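# A structural walkthrough
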Amino acid sequence: MTTSQDRTPRQMRLMQVLEPSGGGSGRHFIDLCRGMQARGHVVHAVYSPVRAEERFVEELLALDLAGVHSVAMARSPGPSDLAAWRSLRAVMRRAGPFDIIHGHSSKAGALSRLRLPGRHVARVYTPHAFRTMDPGLGNLGRKVYGSIEKLLARALTDRLICVSADEYAHARALGMPREKLSIVVNGVKTPPADLREAVRSALTIPADALLFGFVGRLCHQKAPERLIAAFQRLAARVPNAHLLMVGTGETEDAVRRQIAASGFADRICLTARFTGPQAMAAIDVLAMPSRYEAMSYVMLEAAAAGKPMVLTDVGGASMVLKDGENGVLVENEDDPERFAAAMLRLADPDRLTRHTQAALARSHDYGLDRMISETEALYRGLIA
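Residues numbered from 1 in each chain as written. Predicted model: local features only at pLDDT ≥ 70, side-chain atom pairs only at ≥ 80, totals over all residues. Heavy atoms only, no water.

### Quick look at the environment of methionine 73
Checked against the element boundaries, methionine 73 lands in the loop between β3 (67-70) and α4 (80-95). Setting aside its immediate chain neighbours within four residues, methionine 73 contacts Val17, Leu18, Glu19, Tyr47, Ser48, Val50, Ala84, Lys107, Ala108 and Leu111. (Helix = DSSP H or I, 4+ residues; strand = E, 2+ residues; numbered from the N terminus. Contact = heavy atoms within 4.5 Å.)

Structure (structure tokens):
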């Protein structure tokens, strides 16, 4: 006879590991930790303080998880990786045992999958965009990183989660076995819609400004320097155009210098005062010139908020943005002319109105609960 206790899914002990500690991967990490905890699982989170954003750490600690552990992990491979791996192993021994160890991003994914002989614990890996998706990496770098990813996927990974069909296709092209791969598309909550006036007022952005918005880590991948160069060309032709950039990162000093030298510093606001979802209400158009993506969180948030977009045609963008309908897709290149031309197209009031109406018609919740449910089911399949 089956009792109600037998039918109750057992609680899982989960260890989530992240290196970048911010940006879209940080948003995914916090949402996943919160969602799994809400479903009754014991969640331990490991993050690296090296590139951690202050708001990310505050939000992670506020979740009141079973454990939050700091392990210094450098982005690039190097001698410090051995110490990081030992620290990670110590956390596993001290806080374990675990049913699932889930690494996010390339460095945390590699360190959390390297293991010594002993009790098997299922290892899950979410790249959040393979390094090999960067078109500027070069043939040698692509071969080196690709070989490492392929080896880890084949030998040390129980399941690799791709967040878009584009990322899945890339994984297959690298030679990763189909049976190791799953697709779980990122999910978001619809951003609040009532903060437009408050955000603009706090940042002294005119109420009638045509506001383009960027939300993301200030780094090579997100290419903020492309956007500033494109905005310079736009601002010279559109007097009421302003640019709001929300984020921090390793290129922040260079970005601030570029803004200061742009000739339009009074119309460019770089801040970390608001979160991406909070800032979304204030902008008119999302402008993201990324060099590579898997499935951008800010893109999904903008879509859910009904915002038209100007995006480079990289991973996942064409799944959300229909070129010429709810925004403009731009070829992925460093020359800012095409991106500036796309922004100029949406500076036309009539065209902006049409694109905004189309974006609102296509807006919907991109399924945070769905993402949590699919990930939970994947975990259970691995420990069954």
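There's plenty left to go through after this.
### Concerning the sheet that holds strand β10 (residues 268-271)
Strands in a sheet are paired, the pairing made by backbone hydrogen bonds, and the direction either parallel or antiparallel. Read from one edge of the open sheet, six strands run β10-β9-β8-β11-β12-β13, paired in parallel fashion. Edge positions in the sheet fall to β10 and β13 (327-330), since each of these pairs with one other strand and no more. Taking the axes of each pair of neighbouring strands and ignoring which way they run, one obtains an average angle of 20° across the sheet. Of the strand pairs in this sheet, strand β9 (residues 241-246) and β10 are connected by four bridges, and their pairing is parallel. Across the sheet, residue leucine 244 finds its bridge partner in β10, namely cysteine 269. Contacts between helix α10 (residues 252-261) and the sheet are confined to β9 and β10, with β10 contributing the most and set at about 160° to the helix. (Pairing = 2+ DSSP bridges. Axes fitted to C-alpha atoms, helices over the stretch in contact; angles between N-to-C directions.)

### A closer look at the packing of aromatic side chains
The geometry of two aromatic rings is summed up by the distance between their centres and the angle between their planes. What the rule picks out here adds up to two aromatic pairs. For the pair phenylalanine 29 and phenylalanine 56, a centre-to-centre distance of 6.1 Å together with 40° between the ring planes defines the contact as tilted. Here the residue phenylalanine 29 occupies a position in helix α2 (residues 23-38), and phenylalanine 56 occupies one in helix α3 (residues 54-62), the gap between them amounting to 27 residues. For phenylalanine 56, a relative accessible area of 4% translates into the label buried. With a centroid separation of 6.3 Å and an interplanar angle of 65°, the aromatic rings of tyrosine 47 and phenylalanine 56 are classed as edge-to-face. By the ring-pair criterion, three or more aromatic residues cluster together here, those being Phe29, Tyr47 and Phe56. Seen from the ring of tyrosine 125, arginine 113 lies directly overhead, with NZ or CZ sitting 3.8 Å from the centre. Geometry around tyrosine 145 places arginine 131 over its ring, the cationic atom sitting 5.7 Å from the centre. (Phe/Tyr/Trp six-rings, centres within 6.5 Å; stacked < 30°, edge-to-face > 60°. Buried < 20%, exposed > 50% of the residue type's maximum accessible area, 1.4 Å probe, protein only. Lys NZ or Arg CZ within 6 Å of the ring centre and 35° of its normal.)

### A short note on the sheet that holds strand β4 (residues 100-104)
Spatially, seven strands are ordered β3-β2-β1-β4-β5-β6-β7 in an open sheet, and the strand pairing comes out parallel. If you trace the sheet from one side to the other, it starts and ends with β3 and β7 (181-183), each paired once. For this sheet, the mean angle separating the axes of adjacent strands, direction not counted, is 20°. Here β4 pairs with strand β5 (residues 122-126) via five bridges, running parallel. What sits directly across from histidine 104, in β5, is threonine 126. The sheet contacts of α2 involve β1 (13-18), β2 (42-47) and β4, and relative to β1 the element is tilted by about 170°.

### Some details on unusual backbone geometry
A negative phi angle characterises most non-glycine residues, just as the trans form characterises most peptide bonds. Cis peptide bonds are those with omega within 30 degrees of zero, and the linkage from glycine 96 to proline 97 qualifies with 5°. One can find proline 97 in the loop between α4 and β4. One non-glycine residue, serine 105, adopts positive backbone phi at about 80°. Relative to the elements of secondary structure, serine 105 occurs in the loop between β4 and α5 (106-113). Relative accessible area serves as the criterion here: at 7%, serine 105 is assigned to the buried category. Even without glycine at this site, histidine 128 takes up a positive phi of about 55°.

### Some points on the packing of helix α9 (residues 224-235) against α10
One can describe the packing of α9 onto α10 by two numbers: an axis separation of 10 Å at closest approach and a directional angle of 5°. With respect to each other, α9 and α10 are oriented roughly parallel. Taking contact as the criterion, the partners of Pro224, Glu225, Ile228 and Ala229 in α9 are, on α10, Val255, Gln258 and Ile259. Among the residues forming the contact of α9 with α10, the class breakdown is five nonpolar, one polar and one charged. (Parallel < 35°, antiparallel > 145°, perpendicular 65-115°, else oblique. Nonpolar A, V, L, I, M, F, W, Y, C, P; charged D, E, K, R; others polar.)

### A closer look at the environment of glycine 187
Looking at the secondary structure, you find glycine 187 in the loop between β7 and α8 (196-202). Using a relative accessible area of 0% as the deciding quantity, one classes glycine 187 as buried. On a C-alpha basis, the gap between glycine 187 and tyrosine 125 in space is 17 Å, while along the polypeptide they are 62 residues apart. Ignoring sequence-local partners within four residues, the contact set of glycine 187 consists of Asp31, Tyr297, Tyr366, Gly367, Leu368, Arg370 and Met371.

### Some remarks on helix α14 (residues 337-347)
Inspection of α14 places Phe339, Ala340, Ala342, Met343, Leu346 and Ala347 among the buried residues, and these make up the whole buried set. Down the axis of α14, the smallest arc covering the buried residues is 160°, so these residues share one side. In the core, the buried residues of α14 are packed alongside β8 (210-215), α9, β11 (285-288), β12 (309-312), β13 and α15 (349-362). (Arc of directions from axis to C-beta.)

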